[in-house]
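Residue-level listing of the chains:
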Amino acid sequence: MPSVLFVCLGNICRSPTAEAVFRTKAAGTDIIIDSAGTGAWHAGEGPDPRSRTEGESRGYSFAGQAARKVRRSDFTEFDYILAMDAANLRDLAEIAPQHMTAKLSLFLPDGQDVPDPYYGGPEGFRDVVDLIEGAADHWLSIISADS
């Protein structure tokens, strides 16, 4: 069964939104979907209320999500680990074990960063969901084709 892990810094804005969007778009498939952060500041917390508000207004569910830090075992338990930005991709590459089996990549197909909306206003959260919706379709087709 294919698996994907979405990663951002604190696992409360971008990666849980990607998880929620992807889970909806992948409904009816057998893909394991999760999210994590490269930092542990918010471990155990739910997604940022602003992310939830924007995502839920579009029909995405964040039910059951709680922030967690990336684990070394993620690099062998997941087929794809998708970073929301270049800084998190570098951090993942630095902690990845030599025997990892996961494919590391930036989430956006054009190689750009999904901007962190944490310190901005509501428009940043809208933009993030827009970006994630488009990229989720791209990754769903790739992951489905690989399985």
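The structure presented is a predicted model; accordingly, all values stated were derived computationally and were not measured. (Residues numbered from 1 in each chain as written. Predicted model: local features only at pLDDT ≥ 70, side-chain atom pairs only at ≥ 80, totals over all residues. Heavy atoms only, no water.)

Trainee: I keep staring at the nonpolar core and nothing clicks. Help me out?
Mentor: It is characteristic of soluble globular proteins that their nonpolar side chains tend to be buried jointly. Membership of the largest hydrophobic core comes to 26 residues, with the highest contact counts inside it found for Val 4, Phe 6, Phe 22, Ile 31 and Phe 107. Here this core gets 8 residues from one element, more than from any other, and that element is helix 5 (residues 122-146). Not counting chain neighbours up to four residues away, the residues in contact with Phe 6 comprise Ser 15, Ala 18, Glu 19, Phe 22, Ile 33, Asp 34, Ser 35, Ala 36, Leu 82, Met 84 and Phe 107. Counting residues in hydrophobic clusters, the runner-up holds 11 residues, among them Ala 36, Val 70, Phe 75 and Leu 92. (Core = buried A, V, L, I, M, F, W, Y, C linked by side-chain atoms within 4.5 Å. Buried < 20%, exposed > 50% of the residue type's maximum accessible area, 1.4 Å probe, protein only. Helix = DSSP H or I, 4+ residues; strand = E, 2+ residues; numbered from the N terminus. Contact = heavy atoms within 4.5 Å.)

Trainee: Can you walk me through the packing of helix 1 (residues 14-25) against helix 5 in this structure?
Mentor: Two measures define how a pair of helices packs: the angle their axes make with one another and the distance between the axes. Where helix 1 meets helix 5, the axes come as close as 9 Å, and the angle between the chain directions of the two elements is 55 degrees. Classified by the angle their axes make, helix 1 and helix 5 are oblique. Both helix 1 and helix 5 take part in a crossing whose hand is right-handed. Two secondary-structure elements touch here, helix 1 through Arg 14, Thr 17, Ala 18, Val 21, Phe 22 and Lys 25 and helix 5 through Val 128, Val 129, Ile 132, Glu 133, Ala 136, Asp 137, Trp 139, Leu 140 and Ile 143. Among the residues forming the contact of helix 1 with helix 5, the class breakdown is 10 nonpolar, 1 polar and 4 charged. (Axes fitted to C-alpha atoms, helices over the stretch in contact; angles between N-to-C directions. Parallel < 35°, antiparallel > 145°, perpendicular 65-115°, else oblique. Left-handed = near helix turned anticlockwise from the far one by under 90°. Nonpolar A, V, L, I, M, F, W, Y, C, P; charged D, E, K, R; others polar.)

Trainee: Whenever I open this one, the sheet that holds strand 4 (residues 103-106) confuses me. Can you help?
Mentor: Sheet strands line up and pair through hydrogen bonds in the backbone, either parallel or antiparallel. Judged by pairing direction, the sheet is parallel, and its 4 strands sit side by side in the order 2-1-3-4 without closing on themselves. If you trace the sheet from one side to the other, it starts and ends with strand 2 (32-37) and strand 4, each paired once. In this sheet, adjacent strand axes meet at a mean angle of 20 degrees when their direction is disregarded. The pairing of strand 1 (residues 3-8) with strand 3 (residues 80-83) spans 4 bridges and is parallel. The partner of Leu 5 across the bridge, within strand 3, is Ile 81. Sitting on the sheet, helix 5 is in contact with strand 1, strand 3 and strand 4, with an inclination near 165 degrees to strand 3. (Pairing = 2+ DSSP bridges.)

Trainee: Explain the pattern of salt bridges here, please?
Mentor: Counted by the stated rule, this structure contains 13 salt bridges. Between Arg 68 and Asp 34 there is a salt bridge; the shortest N-O distance is 3.1 Å. In this pair, Arg 68 sits in the loop between helix 2 (49-57) and helix 3 (74-77) while Asp 34 sits in strand 2, placing the two residues 34 residues apart along the sequence. Looking at Asp 34, the relative accessible area reads 23%, which means it is partly exposed. As a salt-bridge pair, Glu 54 and Arg 58 come within 2.9 Å of each other at their nearest N and O atoms. Taking relative accessible area as the criterion, Glu 54 reaches 15% and is therefore assigned buried. (Salt bridge = Lys/Arg side-chain N within 4 Å of Asp/Glu carboxyl O.)

Trainee: Teacher, can you tell me more about the pairing of strand 3 here?
Mentor: Each regular strand shows side chains that alternate between the opposite faces of the sheet. Of the two faces of strand 3, the one carrying Tyr 80 and Leu 82 and the one carrying Ile 81 and Ala 83 are both buried. When strand 3 meets strand 4, the two strands line up parallel, connected through 4 bridges. The partner of Ile 81 across the bridge, within strand 4, is Leu 104.

Trainee: Looking at this model, I keep getting lost on the side chain of Arg 68. Mind explaining?
Mentor: For Arg 68, a relative accessible area of 13% puts it in the buried group. In this structure, Arg 68 is in contact with Leu 5, Asn 11, Asp 34, Ser 35, Ala 36, Gly 37, Asp 74 and Phe 78, ignoring residues within four places of it in sequence.

Trainee: Which parts of the structure should I look at to understand the side chain of Arg 14?
Mentor: Looking at the element boundaries, Arg 14 is found in helix 1. The class for Arg 14 is buried, based on a relative accessible area of 2%. Leave out the neighbours within four places in its chain, and Arg 14 touches Cys 8, Leu 9, Met 84, Asp 85, Asn 88, Val 114, Pro 115, Asp 116, Pro 117, Val 128 and Ile 132.

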